Amino acid sequence: MAYDVNKIRSHFPSLDTGLAFFDGPGGSQVPTVVGEAIARAISKPISNRNVVTESEKNAEEIVVGFRQAVGDLIDVDPRGVVYGRSWTQLTYDFSRTLAKSWGPGDEVVVSRLDHDSNIRPWIQAAEAVGATVRWAEFDLETTELTVAAVEAVLSPKTKLVAVTGAGNTIGTRPDLKAIGEAVHKAGALFFVDGVHLTPHAAISVKDIGADFFGFSFYKLMGPHCAVLAASPALLETLNNDKLLPATNVVPERFEFGTLPYELMAGCIAAIDFIAEMAPGAGKTRREKIVNSMNALEKYEDELMEYLESSVSALPGVTLYGRAKHRTPTIYFSFAGHNSADIYKAMAAKKVNVPASNFYALEVSRKLGLGDAGALRAGLAPYSTRDDVDRLVAGLREVLN
Ligand SMILES: Cc1ncc(COP(=O)(O)O)c(C=O)c1O
């Protein structure tokens, strides 16, 4: 089934404002069904999760439904799905837990391509136990993070390799499957930040071979929260701090305190929405998701070509992402112009195109953009050619 962007757009009340949103990589807009699901969940009888009263059962049903929905979205065992407040929080928690088994002489690999949330927690966890950090570098010319660049810093001492599914500014999509194979050959764990990749592609964590994979729902048309998935067997081996009366079962022992059932209901609605975007002949929710995400990827790739070619025709522009396989996200600046000023001038034209390092601080510094970074324009399921035309026309005016 073809991807019908106008039909998709009709579900997003915030589009009625007339804003053109290129800030999807920072957080997407949300369809009505998600807000309704949150309101429904918090308005019906709800108590702490259990299976005795009607209100306990409502909470239980949401939690079980949440894990199943995530299982369908990224092809993981629902019993290994851990809810988190944000991806940064989850990475911090897991880095501290994993580091309990590391010591001096052990090594951890981080990549220069990553958002800081998949770098600094590992550096700090390694420092706390005297382990060593090694850096996998992306190539400045090609902006690729190659398997060879990761292999170059692997050793029998490597305990864990943390790599992003896609760079959240320059869009580079490393060959995760090949990197995962190299990581496992070295006997290490593979921790993948899927935050910028998951909104743009059908994901099978099983196929990628990641030991840990996660993403944030607010980049995926859902509420502001995140999730991490790992096999239940792997989670069982991890010894995390927890309260004495709290359950020791997996995945619950990684979810501290009471879960936000209403947000989890919103996440289920977001995944159901994705499944129905372009379900094709899919029968199961998983099949519909794969069809929808494949249709979206095709749509976004075509629009990305238009976006990139239109922006690259502007005077004095530098586009920083050059990798062969990229998300529909461009990172760019203009000679003689301050990116932050352009961001503000474009906001006045109702075009959201922010400028920052977007916490991909290592990328920004390596590209010579310092801590200020550049402009970022990212596509989302509701983006159109008209949005791109408004962006380009607005930039022309601002540059004049
Ligand atoms: C690639 C990537 N990783 C991690 C994060 C941080 O996610 P969260 O806000 O859920 O901590 C972001 C947010 O911008 C991101 O783009």
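Residues take numbers from 1 onward in each chain, read along the sequence in its written order. The model is predicted, so local features are restricted to residues of pLDDT at least 70 and side-chain atom pairs to those at 80 or more, both for listing and for counting; the totals for chains, interfaces and linings are taken over all residues. Here the side-chain values reflect all heavy atoms present in the structure, with hydrogen atoms and water set aside.

With respect to the sheet that holds strand β6 (residues 189-193)
If DSSP finds at least two bridges between two strands, the strands pair. Secondary structure elements follow DSSP: runs of H or I no shorter than four residues count as helices, runs of E no shorter than two count as strands, and numbering proceeds from the N terminus. The strand order across the open sheet built from seven strands is β2-β8-β7-β6-β5-β3-β4, with neighbouring strands paired in mixed fashion. With partners counted over all chains shown, the strands left at the sheet margins are β2 (81-84) and β4 (132-136), one partner each. The mean inter-strand angle of the sheet, taken between neighbouring strand axes irrespective of direction, is 20°. Strand direction decides the pairing type here: strand β3 (residues 107-111) and strand β5 (residues 158-164), joined by four bridges, are parallel. If you follow E107 over to β5, its bridge partner there is T158. Any pair of residues with heavy atoms lying within 4.5 Å of one another is described as a contacting pair. Only the contacting stretch of a helix is used when fitting its axis, a line to C-alpha atoms as for every element, and angles between N-to-C directions run 0 to 180 degrees. Its contacts with the sheet put helix α5 (residues 120-129) on β3, β4, β5 and β6, and the angle it makes with β4 is roughly 155°.

A closer look at the nonpolar core
Side-chain atoms within 4.5 Å are what join buried Ala, Val, Leu, Ile, Met, Phe, Trp, Tyr and Cys residues into a set we call a nonpolar core. Only protein chains enter the accessibility calculation, which uses a 1.4 Å probe. A residue is then buried if its area is under 20% of the maximum for its type, exposed if over 50%, and partly exposed in between. Residues F22, F66, I74, V311, F332 and L391 are the most contacted members of the largest nonpolar core, which totals 105 residues. Core analysis: the second largest hydrophobic core is formed by 28 residues, V110, A126, F191 and L238 among them.

A short note on helix α2 (residues 32-43)
Given a helix with a known number of residues, its expected span is that number minus one, times 1.5 Å. An ideal rise of 1.5 Å per residue puts 16 Å on twelve residues; α2 measures up with 16 Å between its terminal C-alpha atoms. Those residues of α2 lying buried are V34, A37 and A41. The arc enclosing the buried residues of α2, seen along the axis, measures out at 60°, which places them on a common side. Facing away from the buried side of α2 by over 90 degrees, the exposed positions are R40, I42 and S43. Here, the arc refers to the directions that run from the helix axis to the C-beta atoms.

Notes on the site of the ligand
Any residue with at least one heavy atom within 4 Å of a molecule or strand is counted as near it. In the neighbourhood of the ligand, the contacting residues comprise S86, W87, T88, H115, S117, N168, D193, V195, H196, S216, Y218 and K219. Polar contact is the term for a pair of N or O atoms within 3.5 Å; when the atoms are in protein, one must be able to donate a hydrogen and the other to accept it, and sequence-neighboring residues count only if both atoms are side-chain atoms. One nitrogen or oxygen atom from the main chain of W87 is found 2.8 Å from an oxygen atom belonging to the ligand. Within the contact set of the ligand, an oxygen atom lies 2.5 Å away from a side-chain nitrogen or oxygen of K219. Only the protein chains shown count as cover for residues, and the accessible areas themselves come from Shrake-Rupley with a 1.4 Å probe. For the ligand, whose unbound accessible area comes to 400 Å², protein coverage reaches 90%. Taken together, the residues of the shell around the ligand sort by class into three nonpolar, seven polar and two charged. Residue classes follow a fixed rule: Ala, Val, Leu, Ile, Met, Phe, Trp, Tyr, Cys and Pro count as nonpolar, while Asp, Glu, Lys and Arg count as charged, and any other residue, Gly among them, counts as polar.

Some words on the pattern of salt bridges
The term salt bridge refers to a side-chain nitrogen of Lys or Arg lying within 4 Å of a carboxyl oxygen of Asp or Glu. By the definition in use, this model includes 24 salt bridges. Among the ionic pairs, R134 bridges to E107, the shortest N-O distance being 3.4 Å. Here R134 is found in strand β4, whereas its partner E107 is found in strand β3, with 27 residues between them in sequence. When its relative accessible area of 8% is taken as the criterion, E107 is described as buried. Between K288 and E276 there is a salt bridge, with its nearest N and O atoms 3.3 Å apart. Highlighted residues: K288 in helix α11 (residues 285-312) and E276 in helix α10 (residues 261-277), separated in sequence by twelve residues.

Quick look at the packing of aromatic side chains
Working definition: a ring pair exists when centres of Phe, Tyr or Trp rings (six-membered ring for Trp) sit within 6.5 Å. Plane angles under 30 degrees give stacked, over 60 give edge-to-face, the rest tilted. According to the stated counting rule, one finds 16 aromatic pairs in the structure shown. Centre to centre, the rings of F21 and Y382 are 6.2 Å apart; their planes meet at 80°, and the pair counts as edge-to-face. Residue F21 is located in strand β1 (residues 20-21), and its partner Y382 is located in the loop between β13 (374-378) and α14 (385-399); the two are separated by 361 residues in the primary sequence. You'll find F21 and Y382 in the same group, each marked buried.

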